[in-house]
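What follows is each chain in one-letter form.
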Amino acid sequence: MTKAEFRQYRYISREIEQLESQMMQLRTQAESPQPTRWRYTRGGGHVKDSMAEIVIKLVDMEREHARKWDELIEKQREIEAAIADLRDPEHRRLMRYRYIEQLTWELICVRLSVSWPTVHRIHNAALIAAGKDDTL
């Protein structure tokens, strides 16, 4: 797994949070009484949406969000598994700190009680051990 793939973890986490928030909003919207909605047509007129149409739209959107959420969770699991598969415990700790907990390099140096150059040497070794490194 490459450094770019490990970096995806943070973006996936944010996207999952957004999807969960959107799904919660959709559920709230579907459960609350809806006022009459009007949509405008090309000719300048407008048509009233029925409650059934609104619920169908919400259900379709929720299904799409759930499908995307499942894909994102699966990708996160792949990244976590790649970290768990590292043989060296120091590599696992560093990679978990950096990509899952999203700690800064400075804080990782403190947590591992190592210098800045050492933490980067360990990181490079962990990337190599993870299979491939896109920075070398």
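Residues numbered from 1 in each chain as written. Predicted model: local features only at pLDDT ≥ 70, side-chain atom pairs only at ≥ 80, totals over all residues. Heavy atoms only, no water.

Student: How should helix H5 (residues 116-129) be read in this particular structure?
Tutor: For the α-helix, the turn length of 3.6 residues means that residues three or four positions removed from each other point alike. The end-to-end C-alpha separation of H5 is 20 Å, in line with the 20 Å expected for 14 residues at 1.5 Å each. Taken together, the buried positions of H5 are occupied by Val119, Ile122, His123, Ala126 and Leu127. Burial along H5 is one-sided: seen end-on, the buried residues are contained in an arc of 140 degrees. Opposite its buried face, H5 presents the exposed residues Pro117 and Arg121, each directed more than 90 degrees away. Remark: Gly131 follows H5 within two positions and exhibits a positive phi of approximately 130 degrees. (Helix = DSSP H or I, 4+ residues; strand = E, 2+ residues; numbered from the N terminus. Expected span 1.5 Å × (residues − 1). Buried < 20%, exposed > 50% of the residue type's maximum accessible area, 1.4 Å probe, protein only. Arc of directions from axis to C-beta.)

Student: What's the story with helix H3 (residues 89-100) in this structure? I'm lost.
Tutor: With 12 residues, H3 should cover 16 Å at 1.5 Å per step; its first-to-last C-alpha distance of 15 Å lies within 8% of that length. Taken together, the buried positions of H3 are occupied by His91, Leu94, Met95, Tyr97, Arg98, Tyr99 and Ile100. Where H3 starts, the residue carrying a side-chain oxygen 2.7 Å from the main-chain nitrogen of Glu90 turns out to be Asp88. Positive backbone phi, approximately 60 degrees, marks Gln102, located one or two places after H3. (Polar contact = N/O pair within 3.5 Å; in protein donor to acceptor, adjacent residues only side chain to side chain.)

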